[in-house]
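Spelled out, the chains give:
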Amino acid sequence: MFSKFLNLDKEKQDRIINAAIKEFALKGYDTASTNEIVKEAGISKGLLFHYFQNKRQLYLFLFDYCYELLAEEFYKKINFSEVDFFKRIRHAVLIKMDLLSQYPDIFKFIEEAYFEESTVIKIELGNRIKELTDINFGKVYEGIDLSKFRDDVDVKKILKIITWTFEKLSEEELNKVKLSSAHEIDFQQLQIKAEEYFEVLTTCFYK
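What counts, and at which threshold
Residues numbered from 1 in each chain as written. Predicted model: local features only at pLDDT ≥ 70, side-chain atom pairs only at ≥ 80, totals over all residues. Heavy atoms only, no water. Core = buried A, V, L, I, M, F, W, Y, C linked by side-chain atoms within 4.5 Å. Buried < 20%, exposed > 50% of the residue type's maximum accessible area, 1.4 Å probe, protein only. Helix = DSSP H or I, 4+ residues; strand = E, 2+ residues; numbered from the N terminus. Contact = heavy atoms within 4.5 Å. Expected span 1.5 Å × (residues − 1). Polar contact = N/O pair within 3.5 Å; in protein donor to acceptor, adjacent residues only side chain to side chain. UniProt positions renumbered as here; feature names shortened; annotations may be inferred. pLDDT = per-residue confidence, 0-100.

## Quick notes on the nonpolar core
Nonpolar side chains in soluble globular proteins tend to be buried together.
Now for step 1: If you look at the biggest cluster of nonpolar residues, it comprises 66 residues, and the most contacted ones within it are Phe24, Tyr59, Phe85, Phe86, Phe109, Phe149 and Ile162.
Now for step 2: Here the element with the most residues in this core is helix H5 (residues 55–77); it accounts for 13 residues.
Now for step 3: When near neighbours in sequence (up to four residues on either side) are disregarded, Tyr59 contacts Phe24, Tyr29, Phe109, Ala113, Glu116, Ile121 and Leu125.

Structure, rendered in structure tokens:
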């Protein structure tokens, strides 16, 4: 479907992708302007729609592209031989911090996509997010030693609680950056906060 775009040289692909990510992350789907995207990318509007049939197709391509890029980078680094849950999730959080520092615009775009309300893409985007979340939830926790968890708790619910905790922590830090003049995440402070949560959650849920 996107063969014409994918056959472009990487420099031109990156210009278009980066311009579109910036515009959609800043303004959301409905108010994002393809005029601004082509201006930033240095191409004509006709050429943009030669590669993507419409704005909707461009947005959904970008979402898939960004999610796949982050997932690929994440799975390259995660240690699946570590079966202790909290050690693995601690490593996952550190990897996510590293990726946040490398790809701040992509994380901002993905974050905004999760809360996108446009009726043009909301249903299809929601279906994609659910499918990808389900796939990755199972993959991240594959092979975990569940015997360390308390016997009187539902492990599946615990895993969701812990996942949501660290997702919310990342979301809060991104929101702080948007509202501050610093425009960058304090990763040292974020790591300290994460360790505090690890201590509480380990005490609550391990035997």
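## Considerations on helix H6 (residues 85–102)
Now for step 1: Across its 18 residues, H6 extends 26 Å between first and last C-alpha, which sits within 8% of the 26 Å expected from 1.5 Å per residue.
Now for step 2: Those residues of H6 lying buried are Phe85, Phe86, Arg88, Ile89, Ala92, Val93, Ile95, Met97, Leu99 and Leu100.
Now for step 3: Its side-chain oxygen placed 3.1 Å from the backbone nitrogen of Phe86, Asp84 serves as the N-cap of H6.

## So, the UniProt feature "DNA-binding region" (unreviewed entry) in the protein chain
Now for step 1: When the UniProt feature table is mapped onto this chain, "DNA-binding region" (unreviewed entry) is found at residues 33–52.
Now for step 2: Annotated as 75% helix and 0% strand, the span residues 33–52 places its first and last C-alpha atoms 15 Å apart.

## As for the environment of Val120
Now for step 1: Along the chain, Val120 turns up in the loop between helix H7 (104–114) and helix H8 (122–140).
Now for step 2: Along the primary structure Val120 and Tyr29 are separated by 91 residues, whereas in three dimensions their C-alpha atoms are 8.7 Å apart.
Now for step 3: Among all residues touching Val120, those that are not within four sequence positions of it are Tyr29, Asp30 and Arg56.

## Section: the confidence of the model for the protein chain
Now for step 1: Averaged over all residues, the pLDDT of the protein chain equals 88, while 95% of them reach at least 70.
Now for step 2: Averaged pLDDT values for the elements of the protein chain fall to 78 in helix H9 (residues 155–179) and rise to 96 in helix H3 (residues 34–41).

## Quick notes on the environment of Asp9
Now for step 1: Summarising the element assignment, Asp9 is placed in the loop between helix H1 (3–6) and helix H2 (10–31).
Now for step 2: At a separation of 3.0 Å, a polar atom in the side chain of Asp9 contacts the main-chain amide nitrogen of Lys12.

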